[in-house]
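So you can see what is in the structure, the chains are spelled out below.
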Amino acid sequence: MKPGLIYPLIALALAACGDASKSPAQMGGSAYQSTPTGPLSALGEKGLFRFRIQTDPAPPKLGDYFSIWTTVERVSDKSRVTGGTLRLDATMPQHRHGMTTLPKTRLHKDGRFHTVGCRFHMHGRWVIELDFSHEGQRDRATIEFPFHPPAVR
Amino acid sequence: MNVQVQRSKAQRVRRSPRRRILAGLLVIAIATLVYSLPSSAWTGAGDDADRPWTPAELATLASLSPIADASPDRSNRVSTNEQAADLGRRLFFDTRLSANGSVSCATCHQAERYFTDGLKSSIGIQVVARNAPTLIGVQNSPWLYWDGRKDSLWAQAMAPFEAEAEMGTTRTAVVRSIYRRYRKPYEALFGKLPPMVDEKRFPPEARPIPEDPAHPLAQAWKRMTSADQEATTRAFVNITKCIAAYESKLLPREAPFDRYVRALLSGDPKGADELSTSAIRGLRAFIGKAGCIHCHNGPLFTDQSFHNTGLPLPSPDARPERARAQGAWQVLADPFRSDGRYGDDKSRKNPHLMYLNPGFEDLLGAYKTPTLRNIAKTGPYGHAGQIPDLSAMIEHYRKLPLAKFLGHRDLILKPLDPSIRTQDLVAFLQSLTGPLPAKHWLDGQ
């Protein structure tokens with residue numbers, strides 16, 4: 001064996017030791033996509049309103065009930081809209097079904113809309129659908145909501 | 001000659017300390033590499049054997065195990081009371097509470113069969129139309145019965161007593177029996193029982209039958225005062241709350257799958273031995289391309305929801321059922337719904353009822369997603385036991401054959417990918433079998 005081999009061998013041993021110290025949970029290839037915890041926003045299809053949603057709790061838990069707070073902003077002057085009617089629903093387009101519950105939305109005294117009775121019974125790609133009407137204007141928006149199990153720490 | 005050659009080689013090695021160091025390093029390197037390389041089982045053996053679990057897969061596995069603790073039923077004030085559970089245990093196994101003295105809850109929910117009966121459809125006093133689901137893990141179910149027409153364990157437990165095909169008795173007969181045989185433990189929990197010995201006030205056999213008010217038992221019930229009717233019904237509800245407290249004790253126990261996940265997440269290489277290569281392949285399919293995880297999710301492997309999976313009818317002359325589309329309306333109209341006056345949750349708020357969408361079109365022909373915990377022990381399968389074993393169930397999902405049912409098959413369902421092997425999924429499902437609940441809860445003695 002040539003003397004020059006000693007250094008690659010040492011490196012190989014060290015590298016192997018390094019790998020062994022990893023737990024299986026730390027191994028793996030594809031990136032983990034987490035469920036959003038902060039607010040998500042979207043512009044209405046007609047560009048009249050901008051919607052910002054926030055789940056409570058954030059993130060939701062599989063099978064548990066959660067609520068969604070929605071803030072509506074008028075695009076033209078960026079003023080907050082504190083009235084009107086909001087319909088909120090959530091669907092899984094790839095599964096072609098929605099939530100099994102009938103959520104209820106009401107206008108909160110602080111001007112936000114509060115939707116209660118949401119429940120995700122499956123992990124996967126959910127889409128929040130918003131349908132808003134105010135003073136004769138109507139706008140709709142969809143917001144992607146990837147819902148995944150909590151990451152393993 | 002050979003001896004000389006060997007000795008000569010040995011001498012050469014002894015003469016070269018550098019070679020000894022190199023050889024030692026080589027051994028260390030190889031040994032460490034062998035140790036550090038994930039075994040095929042640990043990484044998920046099979047067609048994609050050489051890749052380790054991804055972070056997303058690990059997160060999914062962590063969402064399935066460990067088994068969650070039972071949450072107390074707020075509509076049942078004795079749901080965590082040990083005395084109530086013990087009384088409930090005795091009642092659960094007591095055949096004297098049935099009309100013919102031969103049927104108890106345990107007739108269809110046999111402890112040694114993981115609280116099922118091994119039959120297609122159960123046999124109480126008569127043949128019942130449904131397959132008996134396991135009670136292990138039932139404590140966290142928001143809906144009871146295959147169509148979810150009850151929303152608490154105690155409300156569910158009332159029905160078989162008065163169902164003619166099951167125990168065929170009446171609520172006055174049940175409360176009278178408790179008065180004679182279990183008065184002391186009952187009154188220690190709930191206070192005085194109504195004076196059931198007074199047969200003028202409390203007929204031996206009487207119950208409400210709204211659908212047949214002319215029935216003699218209904219007539220007997222009608223002759224009771226409303227106060228005595230209410231006292232009897234309250235006592236009957238209390239009795240079934242004890243049975244519910246007992247059923248809450250029937251928790252799933254750790255299965256090989258749980259040990260595998262725990263070891264996997266903690267980096268313990270010994271955990272790889274908990275599942276066979278085939279089971280790991282099945283697990284990978286289960287949470288991956290087979291898509292089982294969509295509905296069989298969480299530690300109990302159920303989304304606690306309802307799906308139309310297009311199972312065949314149990315017999316050629318059977319009629320397709322509305323299933324959950326009917327059960328959802330029934331639970332809303334149930335006088336014993338958990339947020340009603342017989343429930344103990346003073347908030348009167350049960351989100352499952354508050355936000356229930358009984359008109360949800362996908363509920364037509366849909367049945368409850370069963371838990372997969374101990375599934376290998378709880379066949380036959382399906383709401384009417386129409387699927388004899390696990391392989392047959394997987395074949396159903398492989399082919400999704402045309403069948404006669406109401407509504408439409410859940411749109412999420414696609415025929416299983418041909419690369420997924422039935423025996424692998426079966427091997428994984430078998431790894432969900434844990435021991436029976438603690439011995440104390442397995443009989444009425």
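Note that the coordinates shown come from a computational prediction; the quantities given were computed from them, not determined experimentally. (Residues numbered from 1 in each chain as written. Chains lettered and ligands numbered in written order. Predicted model: local features only at pLDDT ≥ 70, side-chain atom pairs only at ≥ 80, totals over all residues.)

Focus on the packing of helix 7 (residues 153–162) of chain B against helix 11 (residues 226–247) of chain B
All names here are of chain B.
Right, so step 1: Helix 11 packs onto helix 7 with a crossing angle of 115° between their chain directions and a minimal axis gap of 8 Å. Considering their axes alone, helix 7 and helix 11 lie roughly perpendicular with respect to each other. In the packing of helix 7 onto helix 11, the handedness of the crossing is right-handed. Where helix 7 abuts helix 11, its residues L153, W154, A157 and M158 lie against F236, V237, T240, K241, I243, A244 and E247. (Axes fitted to C-alpha atoms, helices over the stretch in contact; angles between N-to-C directions. Helix = DSSP H or I, 4+ residues; strand = E, 2+ residues; numbered from the N terminus. Parallel < 35°, antiparallel > 145°, perpendicular 65-115°, else oblique. Left-handed = near helix turned anticlockwise from the far one by under 90°. Contact = placed C-beta atoms within 7 Å.)

What about the domain arrangement of chain B?
Residue and element names in this part refer to chain B.
Right, so step 1: Domain boundaries in chain B define domain 1 (42–67 + 254–323 + 364–437) and domain 2 (82–247).
Right, so step 2: Between the C-alpha centres of domain 1 and domain 2 the distance comes to 33 Å.
Right, so step 3: Contacts between the two partners involve 21 residues from domain 1 and, on the opposite side, 21 residues from domain 2.
Right, so step 4: Taken together, the residues that form the side of domain 1 that touches domain 2 break down as 10 nonpolar, eight polar and three charged. (Domains from an automatic or database assignment. Nonpolar A, V, L, I, M, F, W, Y, C, P; charged D, E, K, R; others polar.)

Focus on the packing of helix 4 (residues 55–64) of chain B against helix 12 (residues 256–266) of chain B
Residues and elements named next belong to chain B.
Right, so step 1: Where helix 4 contacts helix 12, the axes come no closer than 10 Å and their chain directions differ by 135°. By the angle between their directions, the pair helix 4 and helix 12 is classed as oblique. When you trace helix 4 past helix 12, the crossing you get is left-handed. Of helix 12, the residues touching helix 4 (which contributes L58, L61, A62 and L64) are V261, L264 and L265.

Remarks on helix 13 (residues 277–287) of chain B
Right, so step 1: Most of helix 13 of chain B is tucked away, with nine of its 11 residues classed as buried.
Right, so step 2: Along helix 13 of chain B, the residues that are buried comprise A279, I280, R281, G282, L283, R284, A285, F286 and I287 of chain B. (Buried ≥ 20, exposed ≤ 12 C-beta atoms within 10 Å, placed from the backbone.)

So, unusual backbone geometry
Right, so step 1: With an omega dihedral of -5°, the bond running from A58 of chain A to P59 of chain A counts as a cis peptide bond.
Right, so step 2: Here P59 of chain A shows up in the loop between strand 2 (49–56) and strand 3 (65–74).
Right, so step 3: Along the chain, G379 of chain B connects to P380 of chain B via a cis peptide bond; the corresponding omega equals -5°.
Right, so step 4: With respect to the helices and strands, P380 of chain B occurs in the loop between strand 2 (367–368) and helix 16 (390–399).
Right, so step 5: The phi dihedral of Q304 of chain B is positive, around 55°, even though this residue is not glycine.
Right, so step 6: Residue position: Q304 of chain B is located in the loop between helix 13 and strand 1 (306–307).
Right, so step 7: Even without glycine at this site, N374 of chain B takes up a positive phi of about 60°.
Right, so step 8: On the basis of neighbour counts, which here come to 24 C-beta atoms within 10 Å, the residue N374 of chain B falls in the buried class.

Topic: the nonpolar core
All names here are of chain B.
Right, so step 1: Grouped together as the largest cluster of nonpolar side chains are 58 residues, with contacts concentrated most on V174, I239, C242 and I243.
Right, so step 2: Contributing elements (two or more residues each) for this core: helix 5 (82–92), helix 6 (105–108), helix 7, helix 8 (171–181), helix 11 and helix 14 (324–333).
Right, so step 3: It is helix 11 that contributes the most residues to this core, 10 residues altogether.
Right, so step 4: Among the domains, domain 1 (42–67 + 254–323 + 364–437) and domain 2 (82–247) are the pair contributing at least three residues each to this core.
Right, so step 5: For I243, the residues in contact, after removing those within four places along its chain, are G88, L91, F92, C105 and A157.
Right, so step 6: With 40 residues, the next largest nonpolar core counts Y260, A279, C292 and L429 among its residues. (Core = buried A, V, L, I, M, F, W, Y, C linked by C-beta atoms within 7 Å.)

Remarks on the pairing of strand 7 (residues 104–107) of chain A
Residues and elements named next belong to chain A.
Right, so step 1: Across four bridges, the pairing between strand 7 and strand 8 (residues 113–119) is antiparallel. Looking at strand 8, one finds that R106 is bridged to H114.
Right, so step 2: Joining the antiparallel neighbours strand 7 and strand 8 is a turn of five residues, in which G111 adopts a positive phi near 95°. (Pairing = 2+ DSSP bridges.)

Quick notes on the pairing of strand 10 (residues 137–147) of chain A
The two faces of a sheet get side chains in turn, since along a regular strand they alternate between them.
Residue and element names in this part refer to chain A.
Right, so step 1: By the bridge criterion, 11 bridges tie strand 9 (residues 124–134) to strand 10 in an arrangement that is antiparallel. Residue E129 lies in a different strand from strand 10, and its bridge partner there is T142.
Right, so step 2: Joining the antiparallel neighbours strand 9 and strand 10 is a turn of two residues, in which E135 adopts a positive phi near 50°.

Quick look at the confidence of the model for chain A
Right, so step 1: Per-residue confidence for chain A gives a mean pLDDT of 84, with 80% of residues at or over 70.
Right, so step 2: The low-confidence segment residues 1–29 of chain A (pLDDT under 50) makes 48 contacts with residues lying over four places distant or belonging to another chain. (pLDDT = per-residue confidence, 0-100.)

Description of the sheet that holds strand 10 of chain A
Residue and element names in this part refer to chain A.
Right, so step 1: Pairing is antiparallel in the open sheet, where four strands are placed in the order 6-5-9-10. Each of the sheet's edge strands pairs with one partner strand only, and the pair in question is strand 6 (97–98) and strand 10.
Right, so step 2: With seven bridges connecting them, strand 5 (residues 85–92) and strand 9 associate as antiparallel partners. Bridged to R87 within strand 9 is D131.

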